[in-house]
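A closer look at the structure
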Amino acid sequence: MDRKNYIVSAIVSVYNSERFIEGFLEDLERQTMADRLEIVVVNSGSQENEEPIIKRYMERYDNIVYIKTENRETVYKAWNRAIKASSGKYITNANTDDRHRKDAYEIMVNFLESRRDVGLVYPNYIITETENETFEKHTPTGYSDLPEFDRCLLMCRNFVGPQPMWSKKIHDEFGFFDETFEVAGDYEFWLRISAKYKCKHIKEYLGLYLKSPMSAARRNYRLNISETDRVIDKYMIRISHDVAFFRTMRKNLSQYFFKLGINRFKKKELFLGRHFFIRSIVYDWSNFKSYKKLIMSFLPIFAQKALRKVKLCVIKLLNVMDNRVDNVTAIIKTFERPKELERLIKSIRKYYPALKIIVADDSRRPYLREDVEYYVLPYDVGISAGRNFLLNKVNTKYFVIFDDDFVCTKNTKIIDMIKVMEKTSIDLVGGDCMEFGKIRKSYHGLLKIRDGILYHLEGKSKGSIGGYPLYDKTLNFFVAKTEKVKEVMWDEKINLAREHADFFLRAKEKLNITYSPRFSIDHFHGSKLYTGERGKQSEEKFNSKWKIKKSAWIRAKKRRSFLKHVLQKFVKVFKKSYPTIYTVLKNNSTMARLYQKFLGLEARNG
C-alpha cells in the first residue's frame, strides 16, 4: 500500500514487552480503519525477543514500520523518532500493554476531520489490572471519566489520558516532545500546544488501560513528581504577565497540592505529603490548612492516630447530640451490589451512627441485613419504582438519598444541609461527588427543552434564596423535604436510564433546588448494571415523553453561554443556507469584530 494513503500513524515505543506485543499488534490490526492505519514501532534497545514477533506480523501486514536502536532511549525520544518516520495525517501513541475498542481510531479521526479547529482529542478509558485482556472481554477495576478540557485544570494536572490523538501538523509549529523528560514529556507538550490549539474530550470509553506497578510513572514516582513540578513552574512563569490569571492559578495550584498532600498523608507517605504541603504554601502562603497538615506530618504516628480518633469522636458526638438527625432518613435503592451496599452503610454508621436507614433491594438473590430497615422488592423493578417505595416508607421531615456505590466522608454534612432548608424556603440541597475519592464531579445547572433538544446548562443558576443560588438539577446525592418531594416522585415507566433528568424536569417547577460544593460524597463505580437494551428502552420512553431528539451539554458558567450556543447554531445553519451572504459578512471587518466581541470566537471559524 502507498504510505501516503495512511490517515493515522500509531507510534509505539517497545522495551521489554515481549508478553504484550502479539496481543497489542492484533488489537491494532482489528481496528475498523486498519487499512488506513500505519503502525510505527520503535524497538528501543529491548532485552527481550519482540523482534521475531514483529517481523512475523510484518509478513502478514504491510502497514507496520519497524525501527530498532541499539541503546535504550527515553519514551519521548522514541516517540519523536517514530513521528519523523510516520506518514499519517494524525498521530496517536499506543502503549503495548493497553487495548482499544475496535472503532476507537475511527471515532477520533471522524471528530478531528469534522472539527478542523481542534488539534487534539482524548477519550475516556476503562481500567484493568489483568494483563492481555481485550476491550470486548476484560475485568474492569475502574472507569476513568475524564473532565472536559480546561487549560486552568491542565495547569494543575495531566488529565489527557493514555490514548489521545492529535494532528501531525502541530509538530511543524511546536516541535516535538522534550527529550529531557522521562515521564512528564507528554504533559509538557499538551500544555505547550494548548496555548493555541483546542483540545476536546470524547465522552466514550474507547480504551482499556492496564494499571501496572511496572509503568514508568509508578516505578519512578518521585521522578514523576519532580518532572511534573518542573512543568508547572515552567508554564506558571509564562503566564505571569497576566496578573489576574496568574493569581487564580496560584490559588488553584495551592488547593490542588493540598489535596495531593492529604492523599499521601492518608497513605502514610509522609515525605511526599510534606512535599505537597510545602508546594501548596509556596503558591498560597495564606492556605493555613497546609500549615496545619505540615505540622501534623512531623508528629509521631501514634499522636496522629490519636488526634484523628479524637476528631472523629467529636464529629460523632455532635451528630448524635444534634436532634436534627432524628428528623432525617437515609434511603438506598440497591440492585446486585451487596459489597457496595456494605461499604456505604459502614461509612454512614461511621459519621451518623443514629441515622435511620431504609434499603430497598430488587436483586435476584437479596443479601438480607438486620442492621437496617430492609425491604425485598420484586426482581428488577427498577430505580424509579424502588425510590418511590422507599419515599412512601419515610415518616421524617427530611430524607437523604444515596446511590449504593456512594461512600460517606467527613464532607457529607447532612446536618449542615438540613440547616440550609431550616433557615430558607429551599426544598432540596445537593452536593458534589468525588469520583474514586479524587476527581470532583458536579451536575448542578439548568434544564431547558427547545426544538426537541434538551439543554443541560452546567453551572447556570436562575436566581437565589437567602444567598443560595437556585438550580433545576443536582446530583443523586441530596437532602430534601419529604412532603415536597412526594408531590413529584419518580416516573416508574422511566425506570432505568434518564430517570434522573425526568425527575428534575418535573421537580424544577415545584421545588426550590440549590447546590453547594461544601457538601460532597465519594463515588466508586460499581458494576455496569443498567446498560444495554433495557437502558435504551428507558431512554426512548424518556425521549418520547418529553419529545426529545437529543441532549446538548453546555458548560454555562457565564450568563451568555446559552445564547452563545444558540447563536453558534444559527450561524452554522445560515452559512449552509446562504453561503454567498455569509462570505460577504465574514469578510466585513466590523461584523467580524462584533462577532468576536459578543461570542468570544474567531469569525473565520463560523
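Residues numbered from 1 in each chain as written. Predicted model: local features only at pLDDT ≥ 70, side-chain atom pairs only at ≥ 80, totals over all residues. Heavy atoms only, no water.

Here we take up the side chain of Arg 99. If you trace the backbone, Arg 99 turns up in strand β5 (residues 99-100). The buried charged residue Arg 99 lacks any salt bridge, with Asp 27 as its nearest oppositely charged partner at 5.1 Å. A distance of 2.8 Å separates the side chain of Arg 99 from the backbone oxygen of Thr 96, its partner in a polar contact. In contact with Arg 99, not counting residues within four places along its chain, are Phe 20, Gly 23, Phe 24, Asp 27, Asn 132, Glu 133, Phe 135, Gln 163, Gly 207 and Leu 208. (Helix = DSSP H or I, 4+ residues; strand = E, 2+ residues; numbered from the N terminus. Buried < 20%, exposed > 50% of the residue type's maximum accessible area, 1.4 Å probe, protein only. Lys, Arg positive; Asp, Glu negative; His and termini not counted. Salt bridge = Lys/Arg side-chain N within 4 Å of Asp/Glu carboxyl O. Polar contact = N/O pair within 3.5 Å; in protein donor to acceptor, adjacent residues only side chain to side chain. Contact = heavy atoms within 4.5 Å.)

Turning next to the packing of aromatic side chains. Considering all chains together, one arrives at 29 aromatic pairs under this definition. Ring centres 6.0 Å apart and planes at 10 degrees place the aromatic pair Phe 257 and Tyr 283 in the stacked group. Here Tyr 283 lies in helix α11 (residues 270-283) and Phe 257 lies in helix α10 (residues 243-266), a separation of 26 residues in the sequence. As far as the burial class goes, Phe 257 and Tyr 283 line up, both buried. Seen in terms of ring centroids, Tyr 471 and Tyr 515 are 6.1 Å apart; in terms of plane orientation they differ by 80 degrees. Their pairing is edge-to-face. Linking Tyr 471 in strand β20 (residues 468-471) with Tyr 515 in strand β22 (residues 513-523), this pair joins segments that are 44 residues apart in sequence. The class of Tyr 515 is buried, set by a relative accessible area of 10%. Pairwise contacts between aromatic rings join Tyr 76, Trp 79, Trp 166, Phe 177, Phe 189 and Trp 190 into one cluster. Taking the ring centre of Tyr 15 as reference, the NZ or CZ of Arg 72 above it sits at 3.7 Å. (Phe/Tyr/Trp six-rings, centres within 6.5 Å; stacked < 30°, edge-to-face > 60°. Lys NZ or Arg CZ within 6 Å of the ring centre and 35° of its normal.)

Grouped together as the largest cluster of nonpolar side chains are 47 residues, with contacts concentrated most on Trp 166 and Trp 190. Listed in part, the 38 residues of the second largest apolar core include Ile 332, Leu 344, Ile 418 and Phe 477. (Core = buried A, V, L, I, M, F, W, Y, C linked by side-chain atoms within 4.5 Å.)

Below, the discussion takes up helix α7 (residues 185-194). Of all 10 residues in α7, 10 are buried, a share of seventy percent or more. Gly 185, Asp 186, Tyr 187, Glu 188, Phe 189, Trp 190, Leu 191, Arg 192, Ile 193 and Ser 194 are the residues of α7 that are buried. Check the buried side of α7 and you find it contacts α3 (75-85), β6 (118-128), α5 (151-154), β8 (165-167), α6 (169-174) and α9 (221-238).

Attention now goes to the pattern of salt bridges. A complete count under the given rule lists 39 salt bridges for this structure. Measuring nitrogen to oxygen at the nearest pair gives 3.0 Å for the salt bridge that ties Arg 19 to Glu 131. With Arg 19 in helix α1 (residues 18-29) and Glu 131 in the loop between β6 and β7 (140-144), this pair connects stretches of sequence that are 112 residues apart. Using a relative accessible area of 37% as the deciding quantity, one classes Glu 131 as partly exposed. The salt bridge involving Lys 356 is made with Glu 373; its shortest N-O contact spans 3.6 Å.

Let us now look at the pairing of strand β4 (residues 90-93). On β4, burial covers both faces: Tyr 90 and Thr 92 on one face and Ile 91 and Asn 93 on the other are all buried. Both strand β1 (residues 8-14) and β4 contribute to a ladder of 4 bridges, which runs parallel. Residue pairing for β4: Ala 10 is matched across the bridge by Thr 92. Where β4 lies against β8, 3 bridges are found, and the strand directions are antiparallel. Pairing of Ile 91 across the sheet is with Trp 166, part of β8. (Pairing = 2+ DSSP bridges.)

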